Amino acid sequence: MSFLTVHRVPYWALLVALPLVASAQSAPARKLDFGQQEFQSRCASCHGRDGKGNGPIADLLRQSPPDLTQLSKQNGGIFPISRVYDSIVGDSVQAHGSRDMPVWGQLYRLRAGEHYVDTYYDPEAYVRVRVLALVEYLSRLQVSAKP
Ligand code: HEC
């Protein structure tokens, strides 16, 4: 009985259904770009949606935010992973106090505390996952290093 039912489905229905299945599968992958989401919600105000340093509040800062798409190009074609990581975490420059760039390491550490409350957790691991997602996203924004 079910065999007959299957045969009654016209072949064009498959042509219609296949692309729908394919797009349903690829949609969640796009939604889960954590680095991109985080960048757009926390960094774009200064660095711009495209990372080029022209965000809406960039003019209010003492120091203009750098163009984050040029990091590899300015570093001989190599994306400076640890420098970028350290600038985002910000621990090493905290003491200077003159930084216009927020100290994200501290902020994420506070957020981890609010998120886990009584559960055991490793605050450094929480910070690392978030910062690495941003570093990875920035690595994808790089313009070609060739002149
Ligand atoms: C309030 C404005 C502001 C926000 C928001 C901001 N930045 Fe920055 N950022 C700056 C400024 C200004 C600098 C220039 C250097 C400094 O002040 O430390 C900078 C520097 C940087 C650098 C160093 C670039 C280099 O040459 O090493 C990186 C990487 C960076 N920002 C990434 C981010 C990321 C990722 C976020 C979001 C989590 C973010 N920024 C949010 C203002 C901002």
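Owing to the predicted nature of the structure, the values given are computational and were not obtained by experimental measurement.

This part takes up the nonpolar core. Counting residues in hydrophobic clusters, the biggest one holds 15 residues, and the most contacted among them are Ile88, Val89, Trp104, Val131, Leu134, Tyr137 and Leu138. Contributions of two or more residues to this core are made by α5 (81-89), α6 (104-116) and α7 (123-141). If you tally residues by element for this core, the top one is α7, at six residues. Excluding residues that lie within four positions of it along the chain, leucine 134 makes contacts with Gly35, Glu38, Phe39 and Ile88.

Contact geometry of helix α3 (residues 34-42) with α7 gives a least axis separation of 8 Å together with a crossing angle of 90°. Between α3 and α7, the angle is such that the two are roughly perpendicular. Of the residues in α7, those in contact with Phe34, Gly35, Gln36, Glu38 and Phe39 of α3 are Arg130, Ala133, Leu134, Glu136 and Tyr137. Here the contact of α3 with α7 is composed, by residue class, of five nonpolar, two polar and three charged.

On to unusual backbone geometry. With a phi angle near 45°, valine 117 is a residue other than glycine that sits in the positive phi range. By C-beta crowding, valine 117 is classed as exposed, having 7 other C-beta atoms within 10 Å.

This part takes up the environment of aspartate 59. Inspection of the secondary structure puts aspartate 59 in the loop between α4 (44-47) and α5. For aspartate 59, a count of 9 C-beta atoms within 10 Å translates into the label exposed. Expressed as a C-alpha distance, the spacing of aspartate 59 and cysteine 46, which sit 13 residues apart in the sequence, is 8.5 Å.

To continue, consider the site of the ligand. Around the ligand, a shell composed of 22 residues is seen, among which Cys43, Cys46, Ser87, Asp100 and Met101 lie nearest. Contributions of two or more residues to the shell around the ligand are made by α3, α4 and α5. With four residues, α5 is the largest single contributor of residues to the shell around the ligand. Here the shell around the ligand is built from residues that sort into 14 nonpolar, four polar and four charged.

Calculation criteria
- Sequence positions are assigned chain by chain, starting from 1 and proceeding in written order.
- The model is predicted, so local features are restricted to residues of pLDDT at least 70 and side-chain atom pairs to those at 80 or more, both for listing and for counting; the totals for chains, interfaces and linings are taken over all residues.
- Nonpolar core, as used here: buried Ala, Val, Leu, Ile, Met, Phe, Trp, Tyr and Cys residues forming one set through C-beta atoms within 7 Å.
- With C-beta atoms placed from the backbone, a residue counts as buried when 20 or more other C-beta atoms lie within 10 Å of its own, as exposed when 12 or fewer do, and as partly exposed for counts between those limits.
- Strands are runs of DSSP state E lasting at least 2 residues, helices are runs of H or I lasting at least 4, and numbering of each runs from the N terminus.
- Contacts here follow a simple rule: the backbone-placed C-beta atoms of the two residues must lie within 7 Å.
- Here, axes are lines fitted to C-alpha atoms. For helices the fit covers the stretch in contact, and angles between N-to-C directions go from 0 to 180 degrees.
- An angle below 35 degrees is read as roughly parallel, one above 145 as roughly antiparallel, one from 65 to 115 as roughly perpendicular, and any other as oblique.
- Note that Gly is not counted as nonpolar here; it falls among the polar residues with everything else outside the nonpolar set of Ala, Val, Leu, Ile, Met, Phe, Trp, Tyr, Cys and Pro and the charged set of Asp, Glu, Lys and Arg.
- Any residue whose C-beta atom, as placed from the backbone, lies within 6 Å of a molecule or strand is termed near it.

Function cannot be inferred from these measures alone, as they are strictly geometric.
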